[in-house]
Amino acid sequence: DKLKVTARAGFFFRERKASASSRDRYYSYTAGLKGNYAFDDKNNVELSYSFDQYDKSDYYLYNRRNIRDYSNTHNIFHVMYNHTFINGNILTVGSDCMNDYLMSYQFKDNGSYTQTSADAFAQFDWNITKKLNMIAGVRYDYFSKSDMSQISPKLALMYKLNDINIRGSYAAGFRSPTLKEMYMNFFMGNIFMIYGNPDLNAEKSHNFSLSGEYSKGRYSFTLTGFYNIVKDRITTAWDKSLGGQVYTNMSRLNITSVDVNISARYKCGFSWKASYAYTYEHIKKGEPELSSTRPHTATMRLAYDKDWKNYGLSLTLTGRYLSQMTADVYTDMTSYEEVEKQKYPGYTMWNLNLSQRVMKGIKLNLAVNNLFNYTPSYYYYNSPYTTGTTFTAGVSIDVNTLF
């Protein structure tokens, strides 16, 4: 009764016709084993192992040769221990270790690299009073190939005042450069080279948040403000001496955002939710990347859910609005000095989903994506890649419920 073990395994294969004489093949292999042991109702430990491998290959019909040119393998070990104190406070400690192997056609001579990363973490969930809660945590990360390590703290507070919750938090972020970012050597589209940079710095960030929640009866309202400082963001820049793009670090980047959410749910089955966000991203002139963030975004969700004895219905309409944006665009990608203004139009996208429970364990699902058939007047990286309305239909069967 104290031990629970879960095992899983998966395989995926896809083949695409690349030409009359060759095929692109894609393989994925996954497996995992997890055990959870409860010493008592206040102490438990979790151990797990995960395996994940993704391969790409070129299959030639004339000689039936299957040549693998990309392989990424992860072996991940995880351990976590939880202790619950008498007053409900929870201490969590744990560690992970991952071995990352990557062989790629994007490396010189189809080379391969291996990196081991490890982390250790601790978190304490403390109910200081009935109205005040604090979550404090710290995490240590280490990456072998870049020889980088970092200690990242986290602190979150919540104060309950009748129907209002006030939250504030700070968290430090850390991301080591990936194997591709350090060692890539790839002729992109037969147009220009992309080079890795083994001397990259890790990305680091400081993230601040303050929010208020009001919830009473069928209504809920949330107002949240964010301020994030990102240092050494990794991107690509043109290198004149190499005549290609090279992974590099940017200078400091600041992001400010305000987010509003309102929702309601009624006994008759109707519910709705609306949200709005304003975001400002500040990047210094002369950096190899410019802001492409639309300042205003909004979402809307209307739903009706009802269950009868032998029939159930769920109808959902969702919409998303992205505002017009005027952004600077570099005219010289080698100096990052000369810019011009470029306007990108705003747009909305709507989706309609209908799910019907027609029998025990059987559901019919219908969906219309891009309900009003929006298509951009021209396509670019910051526009939706859609050619119009699409329809999908499907059946889902819950075998456990059916039998």
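Everything numeric in this text was worked out from a predicted model, so none of it was measured.

1. Topic: the packing of aromatic side chains
Phase 1: Per the stated rule, a full pass over the model turns up 21 aromatic pairs.
Phase 2: A centroid spacing of 5.4 Å and a plane angle of 10° characterise the contact between Tyr347 and Tyr374, whose relative ring orientation is stacked. In this pair, Tyr347 is assigned in strand E22 (residues 347–359) and Tyr374 in the loop between strand E23 (362–369) and strand E24 (390–397), connecting sequence segments 27 residues apart.
Phase 3: You can call Tyr347 buried: its relative accessible area is 10%.
Phase 4: Taking the relative accessible area as the measure of exposure, Tyr374 reaches 22% and is therefore partly exposed.
Phase 5: When the centroid spacing of 6.4 Å and the interplanar angle of 80° are considered together, the rings of Trp350 and Phe372 count as edge-to-face. Of this pair, Trp350 sits in strand E22 while Phe372 sits in the loop between E23 and E24, and the two are 22 residues apart along the sequence.
Phase 6: Judged by its relative accessible area of 23%, Trp350 is partly exposed.
Phase 7: What links up through ring pairs into an aromatic cluster is the set Phe11, Phe13, Tyr27 and Tyr29.
Phase 8: The residue whose ring lies beneath Arg14 is Tyr26, and the NZ or CZ to ring-centre distance is 4.4 Å.
Phase 9: When the ring centre of Tyr70 is taken as reference, the NZ or CZ atom of Lys56 above it lies at 5.0 Å.

2. Quick notes on the pairing of strand E17 (residues 270–283)
Phase 1: Where strand E16 (residues 253–265) meets E17, 13 bridges bridge the pair, whose relative direction is antiparallel. Of the residues in E17, the one forming a bridge with Thr256 is Tyr280.
Phase 2: Looking at chain direction, E17 and strand E18 (residues 296–307) are connected through nine bridges and run antiparallel. Of the residues in E18, the one forming a bridge with Ser271 is Ala303.

3. A short note on the environment of Ser57
Phase 1: Within the secondary structure, Ser57 is located in strand E3 (residues 43–60).
Phase 2: Taking the C-alpha atoms as reference points, Ser57 and Tyr27, 30 residues apart in sequence, are found 8.5 Å from one another.
Phase 3: Residues in contact with Ser57, not counting those within four places in the same chain, are Arg23, Asp24, Arg25, Tyr27, Asn66, Ile67, Arg68 and Asp69.
Phase 4: Side-chain polar atoms of Ser57 contact the side chain of Asn66, separated by 2.9 Å.

4. Overview of the environment of Phe13
Phase 1: Inspection of the secondary structure assignment puts Phe13 in strand E1 (residues 3–17).
Phase 2: Given a relative accessible area of 38%, Phe13 falls into the partly exposed group.
Phase 3: With 13 residues separating them in the primary sequence, Phe13 and Tyr26 have C-alpha atoms 5.6 Å apart.
Phase 4: If near-sequence neighbours (up to four positions away) are discounted, Phe13 is found in contact with Arg25, Tyr26 and Tyr27.

5. Points about the sheet that holds strand E11 (residues 192–195)
Phase 1: The mixed open sheet is built from four strands, whose spatial order is E10-E11-E15-E14. Where the open sheet ends on each side, the last strands, each with one partner, are strand E10 (185–188) and strand E14 (234–239). Each strand axis lies, on average, 30° off the axis of its neighbour in the sheet, ignoring direction.
Phase 2: Note: E10 against E11, four bridges, orientation antiparallel. Among the inter-strand pairings, Met188 is bridged to a residue of E11, identified as Phe192.

6. Remarks on the pattern of salt bridges
Phase 1: Using the criterion set out here, one finds ten salt bridges in the structure.
Phase 2: Here Arg16 makes a salt bridge to Asp24, at a shortest N to O gap of 2.5 Å.
Phase 3: Between Glu281 and Arg233 there is a salt bridge, and its shortest N-O distance comes to 3.7 Å. Taken together, the positions of Glu281 in strand E17 and Arg233 in the loop between strand E13 (219–231) and E14 put the pair 48 residues apart, joining distant regions of the chain.

Procedures and definitions
- Residues numbered from 1 in each chain as written.
- Predicted model: local features only at pLDDT ≥ 70, side-chain atom pairs only at ≥ 80, totals over all residues.
- Heavy atoms only, no water.
- Phe/Tyr/Trp six-rings, centres within 6.5 Å; stacked < 30°, edge-to-face > 60°.
- Helix = DSSP H or I, 4+ residues; strand = E, 2+ residues; numbered from the N terminus.
- Buried < 20%, exposed > 50% of the residue type's maximum accessible area, 1.4 Å probe, protein only.
- Lys NZ or Arg CZ within 6 Å of the ring centre and 35° of its normal.
- Pairing = 2+ DSSP bridges.
- Contact = heavy atoms within 4.5 Å.
- Polar contact = N/O pair within 3.5 Å; in protein donor to acceptor, adjacent residues only side chain to side chain.
- Axes fitted to C-alpha atoms, helices over the stretch in contact; angles between N-to-C directions.
- Salt bridge = Lys/Arg side-chain N within 4 Å of Asp/Glu carboxyl O.

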